[in-house]
Amino acid sequence: MEMGGLPVIDFSNQHLKPGSPDWDSVRTQVRQALEEYGCFEALYKKASSELRKAVFEGLEKLFELPLETKMKNVSDNPSHAYIAPHPNAPLYESIGIEDPNVAQNVESLTNSFWPHGNMTFSESVGCVVEQMSEVDRMVRRMILESFGVEKYMDEHMNSTRYLLRAMKYTAPNTSEKKLGSKDHTDKNIVTVLCQGIQGLEIQLKNGEWITAKPHSLTVFIGDSFYAWLNGRLHTPYHRVMMKGNEARYSFGLFSNPKKGYIIKAPQELIDEQHPLLFKPFDFYDFLQFFHSDAARKSQSAFHTFCAI
Ligand SMILES: O=C(O)CCC(=O)C(=O)O
Ligand SMILES: [Fe+2]
């Protein structure tokens, strides 16, 4: 733990295998951090600084491409496709890659963006996604174990798909902070985020905002995992604040529940002290609700959507 910042948890130990003493000790730290903060900083040496540098260099070139090119990043789900700067979020722009753990999906994006593709970028993205997904799966395994619900492990692991979202925040050229991304909780299961420069802020339970350091991965719990765990962990509000004249790039790997999978807390996590908090739901119905007027008017779209 570090004073005044998020807990820092080291996943680099090569002996970190389920069942080992190292695993159990990291699991305890993960559970504590997610109860109190809903997030933590993960050190993972495999995701080396050279690799990140290669990804960030690729992202710089990618966001420099003309708007028409970036608009080729489409999806059935609008929140998984290209998002152009918008009056409500003028500094923010992002692209999405569904199932980025399948090399072909990354390559088909780079092939549609560059006349001859971009093998260097595709390969670096492939490597970094693999490492971030290892962290995602370790964290989820540790959480299920720590609540004694390992019997759902396969179902849980097989119930999600990954989305990679790469983000650019244009420099505001001001000395005072400007909002890059509005405060929100993530909607998915787990988010593993990598930021190029500082800007990510997390709200503590006491309302105070703290800054996440850029040289580690930041791991968050999303609303869907919170619901599946019947509210046992915390989902933190976070935002991006920008100042100065340097653009900021970040990318996050989101584990999202698959369409058709009903998120419902297991009976082991429901009892008199912990009555069922949320209606079982399909993540895609929630995403749809999220873009409705009713959601915009409510304080927490998630709580409105899932209220019992
Ligand atoms: O860019 C960042 O650091 C944070 C992005 C974020 O919170 C999100 O995409 O959900
Ligand atoms: Fe987020």
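- Per an unreviewed UniProt entry, the protein is named Fe2OG dioxygenase domain-containing protein, and its organism is Hibiscus sabdariffa.
- Quoted straight from UniProt, the Sequence similarities (unreviewed entry) entry for the protein says "Belongs to the iron/ascorbate-dependent oxidoreductase family."

## Some remarks on the coordination of the iron ion (ligand 2)
Tetrahedral metal sites with four donors have an ideal angle of 109.5 degrees; octahedral sites with six donors have ideal angles of 90 or 180 degrees.
Okay, so step 1: Those donors, H184 (NE2), D186 (OD) and H238 (NE2), are the protein atoms that reach the iron ion (ligand 2), and they lie 2.1 Å from it.
Okay, so step 2: Counting residues between consecutive donors of the iron ion (ligand 2) along the chain gives the motif H-x1-D-x51-H. Taken together, the residues span a long stretch of sequence, with H184 in strand β5 (residues 174-184) and H238 in strand β10 (residues 238-244) at a distance of 54 residues.
Okay, so step 3: The class for H184 is partly exposed, based on a relative accessible area of 27%.
Okay, so step 4: What makes H238 buried here is its relative accessible area of 5%.

## Concerning the nonpolar core
Okay, so step 1: Of all hydrophobic cores here, the largest spans 74 residues; its most connected members are F11, V30, F40 and F251.
Okay, so step 2: Ranked by residue count, the leading element in this core is helix α5 (residues 119-146), at 11 residues.
Okay, so step 3: Here V30 is in contact with I9, F11, F40, V139, M142 and I143, once residues within four sequence places are set aside.
Okay, so step 4: In terms of nonpolar packing, the next biggest core, distinct from the first, is built from 15 residues, Y92, Y169, L204 and A212 among them.

## Notes on the sheet that holds strand β8 (residues 209-211)
Okay, so step 1: Read across the open sheet, the 4 strands follow the order β5-β10-β7-β8; overall the sheet is antiparallel. Of all strands in the sheet, those bounded by a partner on one side alone are β5 and β8. Each neighbouring strand pair of the sheet contributes to a mean axis angle of 30 degrees, computed without reference to strand direction.
Okay, so step 2: Note: β5 against β10, 5 bridges, orientation antiparallel. Along β10, the bridge assignment pairs T174 with G244.

## Regarding the packing of aromatic side chains
Any pair of aromatic rings gets described here by the distance separating the centres and the angle formed by the planes.
Okay, so step 1: In this structure the tally under the stated criterion is 18 aromatic pairs.
Okay, so step 2: On the numbers, 5.2 Å between centres and 50 degrees between planes, the contact of F56 with F251 is tilted. Residue F56 is located in helix α2 (residues 49-64), and its partner F251 is located in strand β11 (residues 248-257); the two are separated by 195 residues in the primary sequence.
Okay, so step 3: Accessibility expressed as a relative area gives 2% for F251, which makes it buried.
Okay, so step 4: Chaining the aromatic ring pairs together yields one cluster made of Y226, F278, F281, F286, F289, F290, F302 and F305.
Okay, so step 5: Positioned above the aromatic ring of F147 is the side chain of R31, whose terminal nitrogen or guanidinium carbon lies 3.8 Å from the ring centre.
Okay, so step 6: One residue, K187, lies across the ring of F290, its end atom 4.0 Å from the ring centre.

## Brief notes about the side chain of T218
Okay, so step 1: By the secondary structure assignment, T218 is in strand β9 (residues 217-221).
Okay, so step 2: Among the residues examined, T218 registers a relative accessible area of 0% and is labelled buried.
Okay, so step 3: With near-sequence residues (within four places) excluded, T218 lies in contact with L6, F40, T191, V192, L193, Q195, L200, I202 and A212.

## Focus: the sheet that holds strand β3 (residues 92-98)
Okay, so step 1: Pairing is mixed across the open sheet formed by 7 strands, whose spatial order is β1-β2-β9-β6-β11-β4-β3. Of all the strands in the sheet, just β1 (8-10) and β3 have a single pairing partner and so form its edges. Direction aside, neighbouring strands of the sheet carry axes that sit 25 degrees apart on average.
Okay, so step 2: Across the sheet, helix α1 (residues 21-36) touches β1, β2 (39-43) and β9, and the angle it forms with β1 is around 155 degrees.

Conventions we followed
- Residues numbered from 1 in each chain as written.
- Chains lettered and ligands numbered in written order.
- Predicted model: local features only at pLDDT ≥ 70, side-chain atom pairs only at ≥ 80, totals over all residues.
- Heavy atoms only, no water.
- UniProt positions renumbered as here; feature names shortened; annotations may be inferred.
- Donors = N, O, S within 2.8 Å, 3.2 Å for Na, K, Ca; no water.
- Helix = DSSP H or I, 4+ residues; strand = E, 2+ residues; numbered from the N terminus.
- Buried < 20%, exposed > 50% of the residue type's maximum accessible area, 1.4 Å probe, protein only.
- Core = buried A, V, L, I, M, F, W, Y, C linked by side-chain atoms within 4.5 Å.
- Contact = heavy atoms within 4.5 Å.
- Pairing = 2+ DSSP bridges.
- Axes fitted to C-alpha atoms, helices over the stretch in contact; angles between N-to-C directions.
- Phe/Tyr/Trp six-rings, centres within 6.5 Å; stacked < 30°, edge-to-face > 60°.
- Lys NZ or Arg CZ within 6 Å of the ring centre and 35° of its normal.

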